[in-house]
Amino acid sequence: MVEVITTISIWIIPVTICFILIIALIKKVPAYEAFVEGGKEGLKMSVSLLPFLLGMMVAIGILRSSGAMDAFIGLLDPVLDKIGFPSEVAPLALIRSISGTAALGVTAEIIQTYGPDSFIGRLASTMQGSTDTTLYILTVYFGAVGVKKMGEALKVGLIADFIGIIMSVIIVTWLFL
Amino acid sequence: MVNIVWALMAIIGILYAMVNGTMDQVNEAIFDSAADTITLVISLCSVLIFWLGMMRIAEKAGLLNGLSKLFRPIVKKLFPEIPDNHPAMGYILANFSANLFGLGNAATPMGIKAMHELKKLEGTDKASNSMITFLIINTSSITLIPTTVIAIRMQYGSANPTEIVGSTILASICTTIAAIMIDRYLRSKRKVKHRNG
């Protein structure tokens, strides 16, 4: 099953491109001109995205490098222990919504320390795989189209991440323990 | 809210560094992360140009329209504000399909384009209901195969690297459903506020 899906993942891009181009030729769409036109729009979007992303990355960089984030996690540890949340994955839970690269590093570290097939290793894997970097997605998607007022998007996104963390704990406990 | 979160991240970091003597690292991080962003945007730029070019052909050939017609009953429920046959629908679906197959670099351009169409529809620079719904579905990332995690597990000698596929999909689906419900609840609250205000 997994092999089938992996193969699909490899084939799907070239096949999709081929399909789009064949249909375009049949329908007599000026394919190259349309491609250039759409590409220009992509270029414009990347440029407008830059200040949004740069601002966000610098703020995250400051927070991480100062050690404030690790200190905060240390503070939270005893509280999490009390409510029965596995504190080994707390760093991942906290960083997952903020920084994708940092989260990946933390996941690798947890898996290395506790082993990929331990309860903690499986939990970290599930957490990493089932959520995405909300702050990054918000910044990129809103930044590229120039939406400055995010409204309740950030709040809803962070609540969703929180639910995702709880769900991972519940599901992994239920499936593997 | 994003203004406050953003400023606080930097302020807390700098204040903490003052007390704990990590100012060196902070100084370095400011310029390193700025430079890293340029690298990131350049790689994003290439996929944006490629996929938006490809998708423009697909749009002109009527393929996106066909895709949205096919799934309209489901997507209509999630995005009641998008009119039938609007290009936003096609891009949203293209984004979802790319995410499902773990094609992150194709999903982002289509997602951005979908946001672009939603913004045109709304005509303001404020986040609309449809934008928020679209974003939260994206952040809970439903993927059939979490390839990166599997690669890490293999690297550290897992006996069964793919055993977390099921738990990951299940967690994703539960989270997405919960997030949509919360979004709906907040949306109805917004409406009441709007009416009273």
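Residues numbered from 1 in each chain as written. Chains lettered and ligands numbered in written order. Predicted model: local features only at pLDDT ≥ 70, side-chain atom pairs only at ≥ 80, totals over all residues. Heavy atoms only, no water.

*Asks:* I would appreciate a short explanation of the UniProt feature "transmembrane region" (unreviewed entry) in chain B in the present structure.
*Replies:* The UniProt entry lists residues 6-23, 35-54, 132-152 and 164-186 of chain B under the feature "transmembrane region" (unreviewed entry), expressed in the numbering used here. Taken end to end, residues 164-186 of chain B has its terminal C-alpha atoms 32 Å apart, with 100% of it in helix and 0% in strand. (UniProt positions renumbered as here; feature names shortened; annotations may be inferred. Helix = DSSP H or I, 4+ residues; strand = E, 2+ residues; numbered from the N terminus.)

*Asks:* Before we go on, may I ask you to explain the UniProt feature "domain: Nucleoside transporter/FeoB GTPase Gate" (unreviewed entry) in chain B in this structure?
*Replies:* Per the UniProt annotation, the sites labelled "domain: Nucleoside transporter/FeoB GTPase Gate" (unreviewed entry) are residues 42-151 of chain B. Secondary structure content for residues 42-151 of chain B is 76% helix and 0% strand, while the C-alpha to C-alpha distance between its ends is 25 Å.

*Asks:* Hey, could you run me through the nonpolar core in this one?
*Replies:* Considering soluble globular proteins, one finds that nonpolar side chains tend to be buried as a cluster. Counting 99 residues, the largest nonpolar core has Met127 and Phe142 of chain A together with Phe79 of chain B as the members making the most contacts within it. It is helix H2 (residues 23-60) of chain B that contributes the most residues to this core, 12 residues altogether. Residues in contact with Phe79 of chain B, not counting those within four places in the same chain, are Ile92, Phe96, Ser130, Thr133, Phe134 and Ile137 of chain B. Residues Ile145, Ile150, Ile164 and Val165 of chain B belong to the second largest nonpolar core, which totals five residues. (Core = buried A, V, L, I, M, F, W, Y, C linked by side-chain atoms within 4.5 Å. Buried < 20%, exposed > 50% of the residue type's maximum accessible area, 1.4 Å probe, protein only. Contact = heavy atoms within 4.5 Å.)

*Asks:* How should the environment of Tyr141 of chain A be read in this particular structure?
*Replies:* Take Tyr141 of chain A: it is sitting in helix H7 (residues 134-145). The exposure class of Tyr141 of chain A is buried, given its relative accessible area of 4%. Ignoring sequence-local partners within four residues, the contact set of Tyr141 of chain A consists of Asn95, Ala107, Thr108, Gly111, Ile112, Met115, Phe134, Leu135 and Asn138 of chain B. Polar side-chain contacts of Tyr141 of chain A include one of 3.3 Å to the side chain of Asn95 of chain B. (Polar contact = N/O pair within 3.5 Å; in protein donor to acceptor, adjacent residues only side chain to side chain.)

*Asks:* Help me understand helix H5 (residues 100-114) of chain A, please; the structure alone is not making it clear to me.
*Replies:* Each full turn of the α-helix corresponds to 3.6 residues, which orients residues three or four apart in the same direction. Residue and element names in this part refer to chain A. The terminal C-alpha atoms of H5, which comprises 15 residues, lie 21 Å apart, in line with the 21 Å expected from a rise of 1.5 Å per residue. For H5, the set of buried residues is Ala102, Ala103, Val106, Thr107, Ala108, Ile110 and Ile111. Measuring from the backbone nitrogen of Ala102 back to the side-chain oxygen at the start of H5 gives 3.3 Å, which picks out Ser99 as the cap. Just beyond H5, the residue with positive phi is Gly115, at close to 90°. (Expected span 1.5 Å × (residues − 1).)

*Asks:* It is not clear to me how the interface of chain A and chain B should be interpreted in this structure. Could you clarify?
*Replies:* Interface size is commonly expressed as the accessible area that is lost once the parts come together. With 92 residues of chain A at the interface, the matching set in chain B holds 88 residues. Buried surface at the junction of chain A and chain B, both sides included, amounts to about 8100 Å², of which 78% is carbon and sulfur. A per-residue breakdown of the area chain A buries against chain B is headed by Phe35, Ile62 and Tyr141 of chain A, which together make up 9% of the total. Summed over the shared surface of chain A and chain B, the result is seven salt bridges. A salt bridge links Arg56 of chain B to Glu37 of chain A, with the shortest nitrogen-to-oxygen separation between them at 2.5 Å. Here chain A is connected to chain B by 23 residue pairs in polar contact (both at pLDDT 80 or more). Counting residues per element, the ones that place at least two in the side of chain A that touches chain B are helix H1 (2-26), helix H2 (31-66), helix H3 (68-83), H5, helix H6 (119-130), H7 and helix H8 (153-176) of chain A. Per-element accounting of the side of chain A that touches chain B gives the leading share, 26 residues, to H2 of chain A. A per-class count over the side of chain A that touches chain B returns 58 nonpolar, 24 polar and 10 charged. (Buried area = accessible area lost by both parts, 1.4 Å probe. Salt bridge = Lys/Arg side-chain N within 4 Å of Asp/Glu carboxyl O. Nonpolar A, V, L, I, M, F, W, Y, C, P; charged D, E, K, R; others polar.)

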